[in-house]
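Observations on the three-dimensional arrangement
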Amino acid sequence: MIDSRPFRVAIVGAGPAGMYAARHLLEPPAGTYLDGRLVNLATCPVEVDVLERLPTPWGLIRGGVAPDHPEKKAITRVFDEVVRRPGFRFFGNVEVGRDVLPQELSAWYDAVIYAVGAAGDTHMGIEGEDLPGCYSAREFVAWYNGHPDHSDLDIDLSVERAVVIGNGNVAMDVARILTTPIDVLERTDIADYALAALRASRVREVIVLGRRGHLHGAFNNPELEELGELPGVDIVVEGEDLPGDGEVVLDDADAATLRKVDTLRRYAHRPIVGHPRRIVLRFLTSPVELLGHDRVEGLLASRNHLEHDPATGRLRARPTGEEAVIDAGLVLRAIGYFGTPIAGLPFDDHKGVIPSADGRVLDHGTPVPGTYVTGWVKRGPNGIIGTNKKCARDTVRSFWADAHAGRLPRADTVDAPTVREIVKQRQPALVEYDGWKAIDHHERQSGQVLGRPRIKLTNTTDLVAQARCHQ
Ligand SMILES: Cc1cc2nc3c(=O)[nH]c(=O)nc-3n(C[C@H](O)[C@H](O)[C@H](O)COP(=O)(O)OP(=O)(O)OC[C@H]3O[C@@H](n4cnc5c(N)ncnc54)[C@H](O)[C@@H]3O)c2cc1C
Ligand SMILES: NC(=O)c1ccc[n+]([C@@H]2O[C@H](COP(=O)([O-])OP(=O)(O)OC[C@H]3O[C@@H](n4cnc5c(N)ncnc54)[C@H](OP(=O)(O)O)[C@@H]3O)[C@@H](O)[C@H]2O)c1
């Protein structure tokens, strides 16, 4: 049975997954588009508080999506509309696990949905990985996007060659940002200090290492094709293993893969013009060890062959024994993000996720009442922004099923105004939605003068100070 007061739900994390969850919970009267028709998921009024550790919302849309891809950030308009729905509150600059604890949220709210993403890295587990000059792509991306946790990173771009390890879209992003002409970046919202560093950059060559073959890149076609359009950049595909025309047929590969191979083949046959910069796509190669004394000077790389892995049914890379040294002063590992635990919540150290079934958090296999997950912390660090829409919807459906079945422990210790008071006591520098709009307005205005979408504030002190301007 559902009693008459609105359900009170906390969502932790204001990235796409958290915001899609809020959107599904605060459904407009017309309902949610599901299986080709509009249905009402929400069967009772709901109030949603989104708690976000940064003073700014939108997660990786602000801190991950590449600055030269502004069209991908347009989805925030949809989230802005959700914010205006009755029952929504934003508590920014509030970290769950530091300012408020999971057990407190469970006492204050009828349900809590964790949408905290993946704040850590997958590691290669090889010698030299911790040498200065080797960063995860996560750190590098956060640096150029002005994430306050990484704005003081001292990235040395005085080197001539960088190596990017991995063949996903993040690898494509970082290779592109390192080689994009500065006048293009000057029209983006890239962090000012990163723009200055890239303006002075001496990086001339970026080698992207894929451990498997030309057919196995995890990048998407548009991201691969974009490389070929970079002005002033030669694309080199080391292609001795590249399947020839007609050698890959639809039985072996889907249409998207065929298109990738076609693009790679086109790059491989394109004359090298001798542009100021170049990107080398090298396949069937893995780092074995990072070399250097005080900092990275290069890496030892192994040539791979592919063999069938019966456990996964995939082809896996295996070293052939042939090894070579690549000189490089900067190494970026773009081999995947990885979730980090929050004290007081179950965590799967092996997968880097909060264990769950149908979005319900599991503790040793048993559902924790009123506790849910969505997004990267549920599925692992994969999927584009839109993937989180369905993921959040599935979680919200489980929430409603539990609400109807009387499986939610209804919280009655504190009311909504009291929760805000407690949060404000814990974090006096609380940034609410008006505060974020003040930041947003200031950033856009500063950018407008220079023909840029915005100039980001990149440390928490400045962000909080700007947020207070609306008061
Ligand atoms: C570099 C990069 C570029 C990408 N580019 C694109 C692209 O161009 N197009 C596309 O469709 N997809 C892109 N993606 C994928 C997309 O960004 C993800 O699918 C999506 O952001 C995952 O959403 P999420 O909400 O699970 O996580 P996130 O976006 O990471 O959001 C998690 C939020 O939780 C907050 N948080 C974490 N811990 C706490 C805590 N303890 N308390 C409170 N808040 C907390 C974080 O600050 C963050 O705001 C990109 C991904 C990366 C890594
Ligand atoms: N423009 C966009 O839409 C955009 C931009 C950025 C990110 N994203 C999305 O965000 C998600 C995360 O992207 P991602 O690039 O971080 O991850 P990803 O897509 O999972 O790619 C990871 C890459 O790293 C390789 N790898 C993993 N472990 C390795 C190791 N030990 N040594 C060498 N290589 C290794 C993988 O190779 P194997 O295939 O051999 O495992 C794969 O090529 C993806 O879903 C992506 O599509 C989208």
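Figured I'd write up the structure that's included with this text. Computed from a prediction, not measured in an experiment: that's the story for all the values here.

Of all residues adjacent to ligand 2, which total 21 residues, the nearest are Asn169, Arg211, Arg212, Glu223 and Gly383. Lys72 is positioned with one of its side-chain polar atoms (N or O) 3.3 Å from a nitrogen atom of ligand 2. Within the backbone of Asn167, an N or O atom sits 3.1 Å from an oxygen atom of ligand 2. Relative to its free-state accessible area of 920 Å², ligand 2 is covered by the protein chains to the extent of 79%. When residues of the shell around ligand 2 are assigned to their parent elements, the largest contribution, 3 residues, is made by helix H6 (residues 169-179). In the shell around ligand 2, the residues fall into 8 nonpolar, 7 polar and 6 charged. Both domain 1 (7-119 + 339-430) and domain 2 (121-335) contribute no fewer than three residues apiece to the shell around ligand 2.

In the neighbourhood of ligand 1, 30 residues make up the surrounding shell, with Glu52, Leu60, Trp376, Gly383 and Ile385 lying closest. A distance of 2.9 Å separates an oxygen atom of ligand 1 from a polar backbone atom of Leu60. Take Gly383: an N or O atom from its main chain is 2.7 Å from an oxygen atom of ligand 1. Computed on the free molecule, ligand 1 has an accessible area of 1,000 Å², of which 91% lies beneath the protein chains in the complex. Only helix H1 (16-25), strand E4 (46-52) and H6 provide two or more residues apiece to the shell around ligand 1. Here the shell around ligand 1 gathers at least three residues from each of two domains, domain 1 (7-119 + 339-430) and domain 2 (121-335).

Cut-offs applied
Residues numbered from 1 in each chain as written. Chains lettered and ligands numbered in written order. Predicted model: local features only at pLDDT ≥ 70, side-chain atom pairs only at ≥ 80, totals over all residues. Heavy atoms only, no water. Near = heavy atom within 4 Å. Polar contact = N/O pair within 3.5 Å; in protein donor to acceptor, adjacent residues only side chain to side chain. Areas by Shrake-Rupley, 256 points an atom, 1.4 Å probe, with all protein chains shown as cover. Helix = DSSP H or I, 4+ residues; strand = E, 2+ residues; numbered from the N terminus. Nonpolar A, V, L, I, M, F, W, Y, C, P; charged D, E, K, R; others polar. Domains from an automatic or database assignment.

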